[in-house]
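Observations on chain architecture
So the chains spell out like this:
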Amino acid sequence: MRYLPLSDADRRAMLQTIGVADVEDLFGDVPAAARPVDGFGLPDHASEMEVERRLARMAARNLSAGNAPCFLGAGAYRHHVPAAVDALIQRGEFLTSYTPYQPEVSQGTLQALFEFQTQVAMITAMEVANASMYDAATACAEAAAMACRLTRRRRVLLSGQLHPHYRSVTATQLQFTQAQVEAQPPDPHSGEDLIRRVDGETACVVVQNPGFFGQLIDYSDLGEACRAAGALLVVAVAEPVSLGLVMPPGAMGADIVVGEGQPIGNSLNFGGPGLGLFATRQKYVRQMPGRLCGQTADADGRRGFVLTLATREQHIRREKATSNICTNSGLCTLAFSIHMALLGESGFAHLAALNHVQAVTAADALARIPGVRVLPSAFFNEFAVKLPRPAAIVVEALARRGILAGVPASRFYPDHRELSPILLVACTETNSPEDVEALVGGLREVLR
Amino acid sequence: MSNTATGNRGLTLEEPLLFEQGGPGRSGVDLPDALPVAERLGGLRRRGPIGLPDLSEPEVVRHYTRLSQQNFGIDTVIYPLGSCTMKHNPRLNEKVARLPGFADLHPFQPESTVQGALELLDSAARWLKALTGMPAIAMSPAAGAHGELCGLMTIRAALDDRGQARRLVLVPESAHGTNPATAAICGYEVETVPANARGRVDLAALKARLSGDVAAFMLTNPNTCGLFEDEILAIAEAVHRAGAFFYCDGANYNAIVGRLRVADLGIDAMHINLHKTFSTPHGGGGPGAGPTVLAAALAPFAPLPSIVRDEQGWRLIEHARDSRRKPLGRIKGFHGQFSVIVRALAYMMSLGGDGLRQASADAVLSANYLLARLSEGGLTPAFAGPCMHECLFDDRFLDGTGVTTLDLAKALLDEGAHPMTMYFPLVVHGALLIEPTETESKASLDAFADALLALVHKARSGQAVELTAAPRLTPRRRLDETRAARQPVLRWKPDTTDKGD
């Protein structure tokens, strides 16, 4: 068994030092009634070659997105990840280290976290960011809980432009707290009026930009209305690449920004792990969930970094902690940060512009198909289209032709019949002109 | 030590922040030109630069390589953090997780195009259910604490469904901080149960606190003192007699995996840290995964999504209306920590039922070996052995030396070993909790014991200052954590950053 270094001779010598005859003697505290007599019915150990073969067979039964024109988004985006990112995060000192509780031998992880926090704060135009949450959906729930603590209010208003998973995770996670979560109906035509709904009981309004159906919205007026009512504006960003081109939430008056970091530096991985981004104002930092890395100095006066403000966290504060989170998305933050470092100011803006151009090109081509209508008037790299048929059926038909055409809104809202013709189409720099031609051609055939 | 002109010391290189490097006129990526099209941003174009530095690929690679060299990892040194299970991370797991058929799958592809991925999730679920003997599992929790949340919310939902409004969750004094924090999110008040003189739950005290107002008892087993709760069957019976649920924190599952079924212990729910017991890399703080096994009474309330198989193949159940259960709702975006689960399945398949049983035996053997060697060398065990996968000492052996547990830990850094968990559990004074895991050789265990005992000898022979001044050989010496908390500097800014004195 290749992962176990002890030989039988080692085991015998160790048992002798311990002073017992058999390793089973060390398990004497286990009640006899709890020792299975019939085994577990599991296969025995297997060679590396065998395990690889069996798992590769499972992998081969999937259509990987790179093998098809892929226009899927809805909160998970396929971007090109530079080769250096994956090579660097696989360095054993990053991959196989623990949470940096011993800062003297964890400066690598800590400095990278400090840089990550800075990058996230910069692109969202917020003052501070934490060292990550699990994903955007759970970050969203934490933001709503934080807003309730800060305002001492209960009412959490969720926009119909907010990702349905963020809505449902927030509702689930807050259901046993004092919070009252009110979700607006899904809003594919961007007609909702949230300002009218903000009142003196409202802890926060949670919106998303670009919206789930693609619409770009200036939330500055909503931010003003929240400020006037003593509520907080929480803005979710499902596609962080948008921040290279689009006005950031901080410039719209956001009090808390949550986001999904996966699209930068991380593969799709069938949706997990994600990378929850979380940023806010400096004055709220002591109510923030999650780990924070801060700058300090060592005994010789040299700059160094540590995890800090731990009195917010569960291992110190227990039932009064701001969150129960412990393990977060460490290695995903590193991948995000390395990709951002490679992009830099110019590359980040360029990447965002490329995504937008691809989406505009595809939207214009799709709009020329009879019966197809592009819904958002302004968008980044994803937009909803209304089809003359149920989108789920169209998607299945195109999948049979090897085209991953988009995500039908009915997958999230099966009870909303009015959403059945709506398809979300996302474009990134990975889509070639041939991909767009294949989508448009396939759609024309299927809709004929 | 003499200072160098650069501040570098051989392989230990000083590395400025990204933001203190680079500049315009270079880039780490080559992207195609964007075609000129009329933008459709509705006037919401970003105004002004962000301020990110521009760097080329060689500069970025060198930056992160140098940073990596300032870290300890399992790949370089023994990392015996109690309750953290820092075992070897097999590279096969990394390789298979990166197969395009797993890594390059979008979560919302049509189900017909992801049958292998759904089969994989189902296969991992079957392994975990077989190992624990539990009938149901929620695969989506993202980490241990998230699994606790899943378990406790499921318990709350089951009690609400019965119309039982219970107010309390009981935890042992020695519980992980995540337990009470999780109970609070589920709307429960927390009361602690004391330990007995043997480091286990005081059964009489537990019984005295159990009532119709208790929703659940949360227990780590083996417990945070590294001991198996030998009265666990009586504990389970008492908890159930009160109409409460028995939650097990599975952080220490590595001691018993492949040897006993937690279902046979009377446990109703337990999360499994795949990044501990099942060897997925901790990555400097995650990502992890915390699938949560559930007893039949809780299974109907498990969160969405779930996976079923019918004549057309595997399907995801993503909505309550498609489920015959009463699911909680969704606790995580998409379908959980898929690529972590791929790694864990590769590990389970590699070790198999026989290998997992041998691994837990070796983990317990190694901890008891260190318990014996270190006790023999003068360290003071907190409780009588044998222990399970980790051994616990208090700091009586340092009495009168002027050296603390922290000093000892920092001195270990200079010796090239990662320290043990310190000052946890809180119930033991100056605790040292040592978990070597099954993936250390005997030579490595001996080297660690020798180093620790040599330091203890120094402490006791009037050389305390060598420990209190440690570490001296690490990339940084002790850091001023008070200053970090009092004057928080949580990001770089162009104007405020200083480089130390």
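All of these numbers come straight from a predicted model, not from anything done at the bench.

Some thoughts on the overall build of chain B
Of the regular secondary structure elements, chain B holds 13 helices and 13 strands. The principal-axis extents of the C-alpha atoms in chain B amount to approximately 80 × 70 × 45 Å. The proportion of buried residues among the 501 residues of chain B is 58%. Residue pairs at least 24 apart in sequence account for 73% of intrachain contacts in chain B once pairs closer than 6 positions are excluded.

A look at unusual backbone geometry
Looking along the chain, the bond that leaves N209 of chain A and enters P210 of chain A is cis, with omega of -10°. Within the fold, P210 of chain A resides in the loop between β4 (202-208) and α8 (220-229). L304 of chain B connects to P305 of chain B through a cis peptide bond whose omega is 0°. The topology assignment puts P305 of chain B in the loop between β7 (292-294) and β8 (306-310). Even without a glycine there, the phi angle at N269 of chain A is positive, about 50°. Locating N269 of chain A in the fold gives a position in the loop between β6 (256-260) and β7 (276-280). Although it is not a glycine, T85 of chain B adopts a positive phi angle of roughly 50°.

Section: the sheet that holds strand β4 (residues 214-220) of chain B
Sheet strands associate in pairs through backbone hydrogen bonding, adopting either a parallel or an antiparallel arrangement. All names here are of chain B. The strand order across the open sheet formed by seven strands is β1-β7-β6-β5-β4-β2-β3, and the pairing between neighbours is mixed. Both edges of this open sheet fall to β1 (136-138) and β3 (189-193), since each of them pairs with a single strand only. Between one strand axis and the next, the sheet turns by 25° as a mean value, whatever way the strands run.

Brief notes about the nonpolar core
Note that soluble globular proteins tend to have their nonpolar side chains buried in a common cluster. Judged by nonpolar contacts, the single largest core of 326 residues is most densely connected at C140, A144, V205, V206 and V234 of chain A. Considering each element in turn, this core owes the most residues, 23 residues, to helix α9 (residues 338-376) of chain B.

The rules behind these values
- Residues numbered from 1 in each chain as written.
- Chains lettered and ligands numbered in written order.
- Predicted model: local features only at pLDDT ≥ 70, side-chain atom pairs only at ≥ 80, totals over all residues.
- Helix = DSSP H or I, 4+ residues; strand = E, 2+ residues; numbered from the N terminus.
- Buried ≥ 20, exposed ≤ 12 C-beta atoms within 10 Å, placed from the backbone.
- Contact = placed C-beta atoms within 7 Å.
- Pairing = 2+ DSSP bridges.
- Axes fitted to C-alpha atoms, helices over the stretch in contact; angles between N-to-C directions.
- Core = buried A, V, L, I, M, F, W, Y, C linked by C-beta atoms within 7 Å.

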